[in-house]
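Here are the chains, one letter per residue:
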Amino acid sequence: MRICCLGDVHYHGGDFDYLVKDFTRGFAEVCRGVDAIVVVGDITSSGRLDYADDVLRAIKMALRDVGLLNTPILVVPGNHDIYLTREEMERGLDSLQKLSKFNSLVESANCVALMEKPLKIGGSGFVGTIGWYDYSFAPQWLKLPIDAYRKKVFGTTVWADKEFVKLPFSDEEFVKMLLDKFEKQIREMYNSVDRIVVVMHHLPFRELVYYKHIPEWDYFSTFMGSEAFGKVIKEYNNKIKLVLYGHSHNGIDTRTCKEVDNIKCCNCASPKPTAIEV
């Protein structure tokens, strides 16, 4: 099976025609003949649903142009996709509700919202989650208390989730909620497929996090993901053979793969797609 994977488009409006042309060029270069298109989240910068709709429309138009229109498009959200606009905050919307709205938008665009509906293609099962962080990736060498990470501020720099993600509970509770749903998907798919592909935005393994031993950089690396997802993935590693993720891209090589405990993990945090074999 061949999968075409992309993500972290961070679209903020602008030239829609250029967006279509950029996707078309990328799909034409590496994705002809693939069995699935996978989008690993952060398709917008601001969380605006109209921008998210633009990106999905652009992807579908580009796929049509290269003869892949009937290829299934599998989508998970990223942290930016559940950002609240000022208007949404004023209406009292929270990011859990925004997550639901995003997944509904994906389905209305005739794509697969993997968080809501895992998919079987041939002998491969696809399960998905946004993933999240619970501070388990905090660099030990900084020797900061957990509350220092909950503030999401280092010096004068603020992790944008602090301002634009409004959950009705803690990050740790969000991880637990997501993890329960994620493992349930794996169990439901487990006996009916030969292999399972995990699609998520955040990183599941510390080995995938790029630390620099620079205080500010390593502090914010805490928000790359959670070891809890990696633990579940390893429990089912006789079926889970591939993890596709995004989120990690600023100053970091993307469109690359690395093995963690014999599980192939590929960074798809680029709007330029890459083709991956499983």
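Preceding this paragraph is the structure being described.
First, a word on scope: everything that follows refers to the structure included in this document.

What counts, and where the lines are drawn
Residues numbered from 1 in each chain as written. Predicted model: local features only at pLDDT ≥ 70, side-chain atom pairs only at ≥ 80, totals over all residues. Heavy atoms only, no water. 1 Å grid on protein atoms, 1.4 Å probe; cavity = no way out; pocket = protein on both sides within 12 Å on 5 of 7 lines; lining within 4 Å. Points joined across faces, edges and corners; volume = space filled by probe spheres on them. Helix = DSSP H or I, 4+ residues; strand = E, 2+ residues; numbered from the N terminus. Nonpolar A, V, L, I, M, F, W, Y, C, P; charged D, E, K, R; others polar. Buried < 20%, exposed > 50% of the residue type's maximum accessible area, 1.4 Å probe, protein only. Contact = heavy atoms within 4.5 Å. Pairing = 2+ DSSP bridges. Axes fitted to C-alpha atoms, helices over the stretch in contact; angles between N-to-C directions. Salt bridge = Lys/Arg side-chain N within 4 Å of Asp/Glu carboxyl O.

## Comments concerning empty space enclosed by the protein
Unoccupied space between atoms shows up once a probe the size of one water molecule is rolled over them.
And step 1. One pass over the structure, following the stated rule, counts one cavity of 30 Å³ or more.
And step 2. Roughly 30 Å³ of internal volume is contained in the largest cavity.
And step 3. Together, Met115, Gly128, Thr129, Leu178, Lys181 and Phe182 line the largest cavity.
And step 4. Counting only elements with at least two residues in the lining of the largest cavity, the list comes to strand S6 (124-129) and helix H7 (171-190).

## Let's talk about the layout of surface pockets
And step 1. Reported here for the largest pocket is a volume of approximately 480 Å³.
And step 2. Lining the largest pocket we find 22 residues, and of these Trp159, Phe220, Met224, His247 and Asn250 sit closest to its centre.
And step 3. Elements represented by at least two residues in the lining of the largest pocket include exactly strand S8 (157-158) and helix H8 (215-221).
And step 4. It is H8 that provides the largest number of residues to the lining of the largest pocket, a total of four residues.
And step 5. Among the residues forming the lining of the largest pocket, the class breakdown is ten nonpolar, nine polar and three charged.

## Some thoughts on the side chain of Ser226
And step 1. Here Ser226 is to be found in the loop between H8 and helix H9 (227-235).
And step 2. By relative accessible area, which is 0% here, Ser226 ends up buried.
And step 3. In contact with Ser226, other than residues within four places in its own chain, are Trp132, Tyr133, Asp134, Ser136, Phe137, Val175, Leu203 and Pro204.

## Here's the deal with the sheet that holds strand S5 (residues 119-121)
Neighbouring strands of a sheet are bound in pairs by backbone hydrogen bonds; such pairs are parallel or else antiparallel.
And step 1. The six strands lie next to each other as S5-S6-S9-S10-S12-S11, forming an open sheet whose pairing is mixed. Each of the sheet's edge strands pairs with one partner strand only, and the pair in question is S5 and strand S11 (256-260). Strand-to-strand twist in this sheet, taken as the mean axis angle between neighbours without regard to direction, amounts to 25°.
And step 2. With three bridges joining them, S5 and S6 adopt antiparallel strand pairing. Pairing of Lys120 across the sheet is with Gly125, part of S6.
And step 3. Against the sheet, H7 contacts S5, S6, strand S9 (195-200) and strand S10 (240-245), and its axis sits at roughly 170° relative to S6.

## Section: the pattern of salt bridges
And step 1. Summed over all chains, the structure comprises 16 salt bridges.
And step 2. Residue Glu116 is joined to Lys181 by a salt bridge in which the shortest nitrogen-to-oxygen separation is 3.1 Å. Taken together, the residues span a long stretch of sequence, with Glu116 in the loop between strand S4 (112-113) and S5 and Lys181 in helix H7 at a distance of 65 residues.
And step 3. On the basis of relative accessibility, which here comes to 35%, the residue Lys181 falls in the partly exposed class.
And step 4. For Arg150, the salt bridge goes to Glu172, with nearest N and O atoms at 2.7 Å. Taken together, the residues Arg150 in helix H5 (residues 146-150) and Glu172 in helix H7 connect sequence positions 22 residues apart.
And step 5. Note on Arg150: relative accessible area 39%, which makes it partly exposed.
And step 6. Residue classification places Glu172 among the partly exposed residues on the basis of a relative accessible area of 25%.
And step 7. Through salt bridges with shared partners, a single ionic network connects Asp53, Asp54 and Arg57.

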